[in-house]
Amino acid sequence: MQYESPYSNIASFNLLTGEKTSAAQITKLFVENLMHSTSSINGMGNNTEEHVEEIAHEKNDSSPKNLHLSLPARKTLNWSPHIILRDGLKQLLAWYLDVNLPFGPLSTSSKSFNKSSRQFLRRQSDLLLCHPDDDDVYCLAGRRYLPCASECSDPNFCLHSAFDYTAQVARQLSENCEIVLYSAFLSDHTTDLDVVVAPETNHDQHPSSSICSIAFLLESSILAKDLRRRNHANRNGDPEEENTITYKGWDVILINMQQNQLSRKLRHLLKLSPRNFFHSSVKAALYIPPNFPTKPEIDDILFTTGLLHRLPLNAYSNSNQDSRAYHREMEQMNYMVGTSKRDALIILPSAAIGENPQVQHVMSGSYPTKVQKISIEKGMKSMIDPSLWNNDEATRNHVEFEKDIANMFNNPNFVTSQQQQTATTTAADTAVKFSHRHWTRKHWVVHNFENLHAQNLRCDWYLEQIQWDDDNENISFAHILARMEVERFHKYANNEEKSKILEEQNTKYIDLQSDEYQWSIVTYPNSSSNAAHDIGYVRILDDRALMIERKLWQIRNKVKKVTN
């Protein structure tokens, strides 16, 4: 253990039991516990003992070592061991199994298991095998162990990683920023940042925009090593600057990890659950992928993040002339913006829902205003890279699961256990579908940081995706919106709302003449006694809508400038 006082150098302490223990003895203790498991651990199967003993022989260390107790630890820290090695190893093993195998060991055969190793360890010992917190003892079974850097984690039960320090650095960098443009380059093979950020997006050079641009880069990457070499002479050994570098308009933050150390929970963290990485002053964050094809200008960022909010024109001007001109533009494009104020929890770009629109057709109003809904098969294919669809087993598993759950739930004979227990179940209750229809692209994402339920939505998305081995987050997003619609139907909707849900599910066409089709309702419980639930919106925009909204945004900006 190391301790660093703010007034002195780092001091090291050996926290040992004082017993003579060899690697072979430690191996034997592990084997005694592992062999009692009713199934294999991490694929070791029946060769657990041979596998662990092989590790001990490779170390060539069977002779006991005299691990004497460090006197500085006893004197300086007033510390002495209270747990014997055998019990400590058992607690460590139980903790590891609870975190990594909460539902029991992995099975390499077709036989199912009845008990987990954790259950065996708990039953065989009077020890408290869960992590103590203050005066209470929490059992890890059933708890969500997430990275501490995630906004979805329980700070008392979370997994520490290099992302903790990364989040701290990023929060400092984003202070006084209202908008953050960010990307994550999580490959050891990254040789350059393909995306160049316009210099004026940096808030130091353009303070009126309050925009920060932050790139997260693995320290083990080729580019990070090259940047470190190039910038070393200019850093003067300042430890606070060693992990941040300015490059191509980005504030680059180096993550002290290698690619093979990134678990699923860490790999998806920055894109899906980024709130803890940015200062509380940040209202919105725009994620773009490492292979983003264009250079984001400041207007692009302001327009895209501005789509979180739908404001009527009278929020900018009360002039009847402005209003008439604005509505003429909408009429020409066969498009109408809703008049009520509305905020989105998150924004994503839609996968193709029709023919690729040409600008001249959209602006002239000749583009079709009604398109047919697509099947789950076509919807999945519209979201997934063809090479992954055909060759990636993890992607195939994810797709097949979604197809299976839709087929099962939408079977007319399928009745949930809740419906079986409810005497008032109607035909409408069994008619609601698990409807995959929110098709999005793996492209950019806008996160709203001003709404609490936006965090709930991000966590729902993140928790769904980390169950899968693939990187198709858009499949998980379609899943949670389909699930939430079913939950809203059964928990919150009155008969009128239920009818609307069923009508929307059963219609074969999407009406593009207003922006209503872009806004999908999600609901969350409300702690207030005035309402049973809160309503939030997810906004998904297709290419035609983005062209039109950009045109209308430019008109509103002109009106705003004239008014000011």
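Worth saying up front: this structure is predicted, and the values here are computed from it rather than measured.

Q: Give a detailed account of the overall build of the protein, specifying residues and quantitative values.
A: Broken down by element type, the protein carries 21 helices and 21 strands. Across the protein, the fraction of contacts at a sequence separation of at least 24, relative to all contacts at a separation of at least 6, is 76%.

Q: Give a detailed account of empty space enclosed by the protein, specifying residues and quantitative values.
A: To locate leftover empty space, one rolls a probe as large as a water molecule over the atoms. Applying the stated rule across the entire model yields two cavities of 30 Å³ or more. Lys271, Leu348, Arg441, Lys442, His443, Val445, Trp461, Glu473 and Asn474 are the residues that line the second largest cavity. For the lining of the second largest cavity, the per-class residue count stands at three nonpolar, two polar and four charged.

Q: How would you summarise helix H11 (residues 320-332) if you had to cite specific residues and measurements?
A: Every α-helix carries 3.6 residues per turn, so stepping three or four residues along brings you back to the same face. Between its terminal C-alpha atoms H11 stretches 18 Å, which fits the 18 Å expected from 13 residues at 1.5 Å a residue. Just past H11, the residue asparagine 334 takes up positive phi, approximately 55°.

Q: Quick rundown of the packing of aromatic side chains? Include the residues and the values.
A: Applying the stated rule across the entire model yields twelve aromatic pairs. Taken together, a centroid distance of 5.2 Å and an interplanar angle of 55° make the contact between phenylalanine 401 and tryptophan 468 tilted. Here phenylalanine 401, found in helix H15 (residues 393-409), pairs with tryptophan 468, found in the loop between helix H18 (452-465) and helix H19 (473-491); they are 67 residues apart in sequence, far enough to count as distant. The rings of Phe163, Tyr182, Phe216, Phe277, Phe278, Tyr287 and Phe449 are connected pair by pair, giving a single aromatic cluster.

Q: An account of the nonpolar core is requested, with residue identities and associated values reported.
A: If you look at the biggest cluster of nonpolar residues, it comprises 50 residues, and the most contacted ones within it are Trp250, Val252 and Leu552. For this core, the element with the most residues is helix H21 (residues 543-563), which contributes seven residues. Ignoring anything within four residues of it in the chain, the contact list for valine 252 reads Leu193, Ala215, Leu217, Asn243, Thr244, Ile245 and Tyr247.

Q: So, the state of the cysteines: which residues are in play, and what are the values?
A: Here a disulfide denotes one covalent bond, and it connects the sulfur atoms of two cysteines. Taken as a whole and assessed by the stated rule, the structure comprises three disulfides. With its sulfur 1.8 Å from that of its partner, cysteine 177 forms a disulfide with cysteine 212. Taking the torsion about the S-S bond as the criterion, the cysteine 177 to cysteine 212 disulfide, at about 45°, is right-handed. Of the two residues, cysteine 177 is situated in the loop between helix H6 (163-173) and strand S9 (179-185) and cysteine 212 in strand S10 (residues 211-218); the sequence distance between them amounts to 35 residues. There is no split in this pair, since cysteine 177 and cysteine 212 are both buried. What connects to what in the protein, once the bonded cysteines are numbered by sequence position, is 1-3, 2-6, 4-5.

Q: Please set out the side chain of serine 435 residue by residue, giving values where relevant.
A: Along the chain, the position of serine 435 falls in the loop between helix H17 (427-431) and strand S18 (445-448). Within the structure, the side chain of serine 435 is placed 2.9 Å from the side chain of arginine 437, a separation counted as a polar contact. Setting aside anything within four residues of it in sequence, one finds serine 435 in contact with Ala482, Glu485 and Gln505.

Q: Account for the pairing of S18, with residues named and values stated.
A: Two faces make up the sheet, and in a regular strand the side chains alternate between them. With burial as the criterion, each face of S18 is covered, one bearing Val445 and His447 and the other bearing Val446 and Asn448. One ladder, built from four bridges, connects strand S13 (residues 284-287) with S18; its direction is antiparallel. Bridged to alanine 284 within S18 is asparagine 448. In the sheet, strand S16 (residues 346-349) pairs with S18 via two bridges, with the strands oriented antiparallel. Each bridged residue has a counterpart across the sheet, and for isoleucine 346 the counterpart in S18 is histidine 447.

Quick notes on the rules
- The residue numbers shown here count from 1 along each chain, following its written sequence.
- Under the rules for a predicted model, residues below a pLDDT of 70 receive no local features and side-chain atom pairs below 80 are neither given nor counted, while totals for whole chains, interfaces and linings still include all residues.
- The side-chain numbers reported here are obtained from all heavy atoms of the structure, hydrogens and water having been left aside.
- Helix and strand definitions follow DSSP, with helices as H or I runs of at least four residues and strands as E runs of at least two, each counted in order from the N terminus.
- Every residue pair with non-hydrogen atoms within 4.5 Å of one another is taken to be in contact.
- Here a cavity denotes a set of grid points, spaced 1 Å apart and computed over the protein atoms alone, in which a 1.4 Å probe fits but from which it cannot get out, and a pocket denotes an open set meeting protein on both sides within 12 Å along at least five of seven lines; residues with an atom within 4 Å of a point are reported as lining.
- Grid points are joined across faces, edges and corners, and a volume is the space filled by probe spheres set on the points.
- Under the scheme applied, nonpolar residues are Ala, Val, Leu, Ile, Met, Phe, Trp, Tyr, Cys and Pro; charged residues are Asp, Glu, Lys and Arg; polar residues are all the others, including Gly.
- How far a helix is expected to stretch is found by multiplying one less than its residue total by 1.5 Å.
- Planes of paired rings set the category: under 30 degrees apart is stacked, over 60 is edge-to-face and the rest tilted, where pairs are Phe, Tyr or Trp rings (Trp by its six-membered ring) whose centres lie within 6.5 Å.
- Nonpolar cores were defined as sets of buried Ala, Val, Leu, Ile, Met, Phe, Trp, Tyr and Cys residues, with membership established by side-chain atoms within 4.5 Å.
- Working definition: with a 1.4 Å probe on protein chains only, accessible area under 20% of the residue-type maximum means buried, over 50% means exposed, and in between means partly exposed.
- Disulfides are defined as pairs of cysteine sulfur atoms found within 2.5 Å of each other.
- N or O atoms within 3.5 Å of each other form a polar contact, as long as, within protein, one can give a hydrogen and the other can take it, and as long as residues adjacent in sequence are counted only when both atoms are side-chain atoms.
- Strands are treated as partners if at least two bridges between them are detected by DSSP.

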